[in-house]
Amino acid sequence: MDIRISTGGTVAVYAGFVLTCTVVAATGGLANSYGLTSWYPALVKPFFNPPNWVFGPVWTVLYGMIAVAGARYVLSPARDKEPVLALYTTQLALNAAWSWVFFYGQAMGAAVAVIVALWLAILATITYGWPKDRLASLLLIPYLAWVSFATLLNVALWRLNG
């Protein structure tokens, strides 16, 4: 499908992805609020656990990059974009789900399964998206790197507190 839209349409696509990523972030933030007050502070942390203030700025930048990548995939003139868009949607859903499993459910082992699935979905999005829009795929690499770190952190927290 070749998508040719006006400048206003392009702006609307970008705005839609910014809104979507904002909703995912807010959903995750709501879940985080259940565990950040008493449960998470009481956990034994690994030596490489960053201070809590790091997470907000990192995720703000990452969600911006994720939104731009999604819009670029949609606006790409490439054909057969449905697989990459399905993978993109999957990684967003898993991103939101992880916060609910980890912070709200306080199920660190199950959260490891979710974050590994998230990591695979991001990698698949990058891989399948590469021929559609290389810049979009490049924008997701820092996200994959952060989720790689978050996976190690999740596993360490589970081992130290499981």
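The present account deals with the structure reproduced in this document.

## Description of the packing of helix H3 (residues 52-75) against helix H7 (residues 141-161)
Move 1: Interaxial distance between H3 and H7 falls to 10 Å at its minimum, and their mutual angle equals 140°. Classified by the interaxial angle, the pair formed by H3 and H7 is oblique. The interaxial crossing formed by H3 with H7 has left-handed handedness. Between H3, through Val54, Phe55, Val58, Trp59, Leu62, Met65 and Ile66, and H7, the contact on the second element is made entirely by Pro142, Tyr143, Trp146, Val147 and Leu153.
Move 2: When the residues that make up the contact of H3 with H7 are grouped by side-chain class, the tally is 12 nonpolar, no polar and no charged.

## Notes on the packing of helix H4 (residues 82-104) against helix H5 (residues 108-129)
Move 1: Packing of H4 against H5 leaves a shortest axis separation of 8 Å and a crossing angle of 160°. The orientation of H4 relative to H5 falls into the category roughly antiparallel. Crossing angle aside, the handedness with which H4 passes H5 is left-handed.
Move 2: Its residues assigned to classes, the contact of H4 with H5 shows 19 nonpolar, five polar and no charged.

## Describing unusual backbone geometry
Move 1: At Asp80, a position not held by glycine, the phi torsion is positive, near 55°.
Move 2: When you line up the elements, Asp80 lands in the loop between H3 and H4.
Move 3: Classification of Asp80 as partly exposed rests on a relative accessible area of 48%.

## Considerations on the side chain of Ser137
Move 1: Assignment of secondary structure puts Ser137 in helix H6 (residues 134-139).
Move 2: Excluding residues within four positions of it along the chain, Ser137 makes contact with Tyr73, Thr125, Ile126, Gly129 and Trp130.

## Comments concerning the nonpolar core
Move 1: With 44 residues, the main nonpolar core has Ile66, Phe102 and Tyr143 as its most contacted residues.
Move 2: Apart from residues lying up to four places away in sequence, Ile66 is in contact with Cys21, Tyr88, Gln91, Leu92, Leu140 and Tyr143.

## Points about a nonpolar patch on the surface
Move 1: A contiguous nonpolar surface patch, about 350 Å² in accessible area, is contributed by Trp130, Leu135, Leu138 and Ile141.
Move 2: Secondary-structure assignment places Ile141 in helix H7.
Move 3: Given the relative accessible area of 40%, Ile141 is considered partly exposed.

## Digging into the packing of aromatic side chains
Move 1: Enumeration over the complete set of coordinates arrives at 17 aromatic pairs.
Move 2: Here Phe47 and Phe48 contribute two aromatic rings whose centre-to-centre distance is 5.3 Å and whose plane-to-plane angle is 85°, an arrangement assigned as edge-to-face.
Move 3: In this structure Phe47 comes out as exposed when scored by relative accessible area, which is 80%.
Move 4: Taken together, the ring pairs in this structure connect Trp39, Tyr40, Trp98, Phe102 and Phe103 into an aromatic cluster.
Move 5: Of note, Lys45 hangs over the ring of Tyr40, and the distance from its end group to the ring centre comes to 4.5 Å.

Parameters at a glance
- Residues numbered from 1 in each chain as written.
- Predicted model: local features only at pLDDT ≥ 70, side-chain atom pairs only at ≥ 80, totals over all residues.
- Heavy atoms only, no water.
- Axes fitted to C-alpha atoms, helices over the stretch in contact; angles between N-to-C directions.
- Helix = DSSP H or I, 4+ residues; strand = E, 2+ residues; numbered from the N terminus.
- Parallel < 35°, antiparallel > 145°, perpendicular 65-115°, else oblique.
- Left-handed = near helix turned anticlockwise from the far one by under 90°.
- Contact = heavy atoms within 4.5 Å.
- Nonpolar A, V, L, I, M, F, W, Y, C, P; charged D, E, K, R; others polar.
- Buried < 20%, exposed > 50% of the residue type's maximum accessible area, 1.4 Å probe, protein only.
- Core = buried A, V, L, I, M, F, W, Y, C linked by side-chain atoms within 4.5 Å.
- Patch = residues over 30% accessible without salt bridge, like charges linked within 9 Å, V, L, I, M, F, W, Y side chains within 5 Å.
- Areas by Shrake-Rupley, 256 points an atom, 1.4 Å probe, with all protein chains shown as cover.
- Salt bridge = Lys/Arg side-chain N within 4 Å of Asp/Glu carboxyl O.
- Phe/Tyr/Trp six-rings, centres within 6.5 Å; stacked < 30°, edge-to-face > 60°.
- Lys NZ or Arg CZ within 6 Å of the ring centre and 35° of its normal.

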